[in-house]
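Overview (structure and organization)
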Amino acid sequence: MAAGSEATIPKILAAGAGGEEGEHVKPFTPEKAKEIIMSLQQPAIFCNMVFDWPARHWNAKYLSEVLHGKRIRFRMGMKSISTVPQFETTCSYVEATLEEFLTWNCDQSSISGPFRDYDHSKFWAYADYKYFVSLFEDKTDIFQDVKWSDFGFPGRNGQESTLWIGSLGAHTPCHLDSYGCNLVFQVQGRKRWHLFPPEDTPFLYPTRIPYEESSVFSKINVVNPDLKRFPKFQKAQRHMVTLSPGQVLERKWEEGTQLLLLVKRRMDFGGRQNVQVLLIRVLFVPRHWWHYVESIDPVTVSINSWIELEEDHLARVEEAITRMLVCALKTAENPQNTRAWLNPTEVEETSHEVNCCYLNAAVSAFFDRCRTSKVVEIQAVRTDGDHMKKEFNVCDHVEVGQTGSQNLTTGIGKPEATSHFGPDLVPVAQRSEEPPSQRGGMFESDGKDFDDKDGEHFGKLHCAKRQQIMSNSENAVEEEIVSNTTTVPSQTFISTDDLLDCLVNPQVTRIVAQLLIQRRSL
């Protein structure tokens, strides 16, 4: 849709490619990119895979012209930092056009209109979760500006994408997504990502209040944690990266010299004197990685797509169980005030009858999938707490749960794609220090995980811990139980939310879902 956009792209050499043939060549074929995505179990950044996407030019000004006059919903939050997360249930909302947002964002405090009650110095605005099919309903040609097919998903474009537009300070509370993995393209401004691996779930104090299907929230504000209330958070393994838009960097060198590019790996460019290297990044977030995302520039624009995975079939059963329990207990507690616990993104009916149908449909869909699979391997839970793998011949073709280091369906995973790490696939580094309020740079992890010895160290960051993942997770649960039984409680009253934190804990709903599947398969 961006007219003439190709003409604005300079003649470049994609980072990591060499020789004349390297011009405009992407470092990974779609097939290879998909192979990496389906096997990689830690966050990483793909470089130079989207340099020809027309969506590169979708800054907020351009989008305001495309969406001229269209009113969209902005979430309004406070810039002040508290130890309590700013959940969507505690925010206010404004219906406004992008033109009105940009005018307000210029700090014109005297403006009238939908933002008049929000001091720009005290509030941020976030148009989040804007699905293309709703946003561009009468401009479907624009879907072609996004080409996820380059990552090995044929036909996938803007129709399966979501747009995010925010001001400085706009953020998403720390959460994990129950379904799929995530690809994120940063178009304008910078966003800082704080990520935590799935095995850190006990340290993130998960909660399903507020309730949103497919989102498990953390009780912790990870950028300003209350360590007295949540002491185990100190054990969490924070990974950080600042995702920024693509930039064309010009580098000069003499014949025979080599360029050290972002990561400590040297590349020979055949004696060229002046070459422009295009660095455009897409962040890959694996399944069940916790993440907190904050805008650190005045205006940010991002595009993402959640990629469906085989594990999602069982996850939908788990989510249906969670939905039924949360809605039943919270509605019984206060039938008139769903706003206090139901996320604004949830608009479907929450009656018990509807949720029963939802659960049965999820279980039926799981078995429908099984009919085209060979074997589903279900973990049968012993009474002593141990896990024993049990096979049910209810399927015909593909095993459920083929990806992920902590496969929540079967415990079986593929080898990681860490051998592909290099200048075109950069792992997100773990951070041992507390995050500063502001941090610059194109990458927070720009090469600190690499040696310059022929890539010998590539990928060691996460691999060294993989053998301890399951045992660490189990130990964390045991520690939590011991801690909860030995610490003197601050209050004796147990609320509905306290009960739900136990009933719909991801580990519990996983077991319940597996038991339901077993009963149906016998």
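Just so you know, these numbers come straight off a predicted model, no measurement behind them.

Moving on to the packing of helix H5 (residues 312-333) against helix H9 (residues 496-503). Across the interface, H5 lies against H9 with an axial gap of 11 Å and an inter-helix angle of 170°. For the element pair H5 / H9, the angle class is roughly antiparallel. For the pair formed by H5 and H9, the contact residues are Leu325, Val326, Leu329, Lys330 and Glu333 on the first element and Thr496, Asp497, Leu499, Leu500 and Leu503 on the second. Residue composition of the contact of H5 with H9, grouped by class: 6 nonpolar, 1 polar and 3 charged.

Okay, the pattern of salt bridges next. Within this structure, the stated rule accounts for 17 salt bridges. Note that Asp297 is salt-bridged to Arg190, the shortest N-O span being 3.0 Å. Taken together, the residues Asp297 in the loop between strand E18 (290-295) and strand E19 (299-307) and Arg190 in the loop between strand E8 (181-188) and strand E9 (191-196) connect sequence positions 107 residues apart. Across the pair Glu319 and Arg208 runs a salt bridge whose closest N-O atoms are separated by 2.9 Å. Of the two residues, Glu319 is situated in helix H5 and Arg208 in strand E10 (residues 206-212); the sequence distance between them amounts to 111 residues. The exposure class assigned to Arg208 is buried, which follows from its relative accessible area of 3%.

Attention now moves to the environment of Glu311. By the secondary structure assignment, Glu311 is in the loop between E19 and H5. Sequence separation between Glu311 and Arg287 is 24 residues; the distance between their C-alpha atoms is 9.3 Å.

The grouping of Ile494, Leu499 and Leu503 at the surface amounts to a nonpolar patch, some 270 Å² of accessible area in total. Mapped onto the elements, Leu499 comes out in helix H9.

On to the nonpolar core. If you look at the biggest cluster of nonpolar residues, it comprises 59 residues, and the most contacted ones within it are Phe46, Trp58, Phe74, Phe115, Phe136, Phe151 and Leu163. Look past the residues within four positions of Phe136 in its chain and what remains in contact with it is Trp58, Leu63, Val66, Leu67, Ile142, Phe143 and Leu163. Core analysis: the second largest hydrophobic core is formed by 14 residues, Tyr205, Phe230, Ala236 and Tyr292 among them.

A separate point is the packing of helix H6 (residues 352-370) against helix H10 (residues 506-521). A packed helix pair is summarised by two numbers, namely the angle formed by the two axes and the spacing between the axes. Viewed as axis vectors pointing N to C, H6 and H10 meet at an angle of 65°, and their least axial separation amounts to 11 Å. Seen along the crossing, H6 lies across H10 with a hand that is right-handed. Counting all contacts with H6, which are made through Leu359, Val363, Ser364, Phe366 and Phe367, the residues of H10 involved are Leu516, Ile517, Arg520 and Ser521.

Time to look at the sheet that holds strand E2 (residues 44-47). Here 9 strands make up an open sheet; going across it, the order is E4-E3-E5-E6-E19-E8-E17-E2-E22 and the pairing antiparallel. A single partner strand is all that each edge strand has here, and the edge strands are strand E4 (92-96) and strand E22 (425-427). This sheet shows a mean twist of 25° between the axes of neighbouring strands, independent of strand direction. Here strand E3 (residues 72-78) pairs with E4 via 5 bridges, running antiparallel. The residue bridging Arg75 from the neighbouring strand is Tyr93, located in E4. Where helix H1 (residues 30-39) meets the sheet, its contacts fall on E2, E8, strand E17 (281-285), E19 and E22, and the angle it forms with E2 comes to roughly 175°. Its contacts with the sheet place helix H3 (residues 98-105) against E3, E4, strand E5 (123-131), strand E6 (162-167) and E19, and it is angled at close to 25° to E6.

Moving on: the pairing of E9. In regular strands, side chains alternate between the two faces of the sheet. Most of E9 sits inside the fold, with 6 of its 6 residues counted as buried. Residues Lys191, Trp193 and Leu195 point to one face of E9 and Arg192, His194 and Phe196 to the other, with burial holding for every one of them. When E9 meets strand E12 (residues 239-243), the two strands line up antiparallel, connected through 5 bridges. Its bridge partner being in E12, Arg192 is matched across the sheet by Thr242. In this sheet, E18 lies alongside E9 in antiparallel orientation, the contact comprising 6 bridges.

Any region with low pLDDT has predicted coordinates that should not be read closely. Confidence in the prediction for the chain averages 77 pLDDT; 68% of positions are at 70 or higher. The model gives residues 248-276 a pLDDT under 50, and that stretch makes 74 contacts with residues more than four places away or in other chains. Within the model, pLDDT remains below 50 along residues 375-413, and this stretch shows 107 contacts once partners closer than five positions in the same chain are excluded.

Turning our eyes to something else, we now look at the sheet that holds strand E7 (residues 171-177). If you walk across this open sheet you meet the 6 strands as E10-E11-E7-E18-E9-E12, and the pairing is antiparallel. Each edge of the open sheet carries a strand with a single partner, namely E10 and E12. Going from strand to strand, the sheet's axes swing by 35° on average, the running direction of each strand aside.

A few words on the pairing of E8. For E8, the tally of buried residues reaches 7 of 8 residues, placing the bulk of the element in the interior. Bridge count for E8 against E19 is 7 bridges, and the pairing is antiparallel. Looking across to E19, one finds that Phe185 is bridged to Ile303.

Another aspect to go through is unusual backbone geometry. Backbone torsion omega between Ile209 and Pro210 reads 5°, so that peptide bond is classified as cis. Considering the arrangement of structural elements, one finds Pro210 in strand E10. Unusually for a residue other than glycine, Asn48 sits at a positive phi of about 65°. The residue Asn48 is located in the loop between E2 and helix H2 (60-66) in this model. Here Tyr129, not a glycine, exhibits a phi torsion of approximately 55°, which is positive. Turning to its location among the elements, Tyr129 is positioned in strand E5. For Tyr129, a relative accessible area of 16% corresponds to the buried category.

Reading the values: rules and limits
- Residues numbered from 1 in each chain as written.
- Predicted model: local features only at pLDDT ≥ 70, side-chain atom pairs only at ≥ 80, totals over all residues.
- Heavy atoms only, no water.
- Axes fitted to C-alpha atoms, helices over the stretch in contact; angles between N-to-C directions.
- Helix = DSSP H or I, 4+ residues; strand = E, 2+ residues; numbered from the N terminus.
- Parallel < 35°, antiparallel > 145°, perpendicular 65-115°, else oblique.
- Contact = heavy atoms within 4.5 Å.
- Nonpolar A, V, L, I, M, F, W, Y, C, P; charged D, E, K, R; others polar.
- Salt bridge = Lys/Arg side-chain N within 4 Å of Asp/Glu carboxyl O.
- Buried < 20%, exposed > 50% of the residue type's maximum accessible area, 1.4 Å probe, protein only.
- Patch = residues over 30% accessible without salt bridge, like charges linked within 9 Å, V, L, I, M, F, W, Y side chains within 5 Å.
- Areas by Shrake-Rupley, 256 points an atom, 1.4 Å probe, with all protein chains shown as cover.
- Core = buried A, V, L, I, M, F, W, Y, C linked by side-chain atoms within 4.5 Å.
- Left-handed = near helix turned anticlockwise from the far one by under 90°.
- Pairing = 2+ DSSP bridges.
- pLDDT = per-residue confidence, 0-100.

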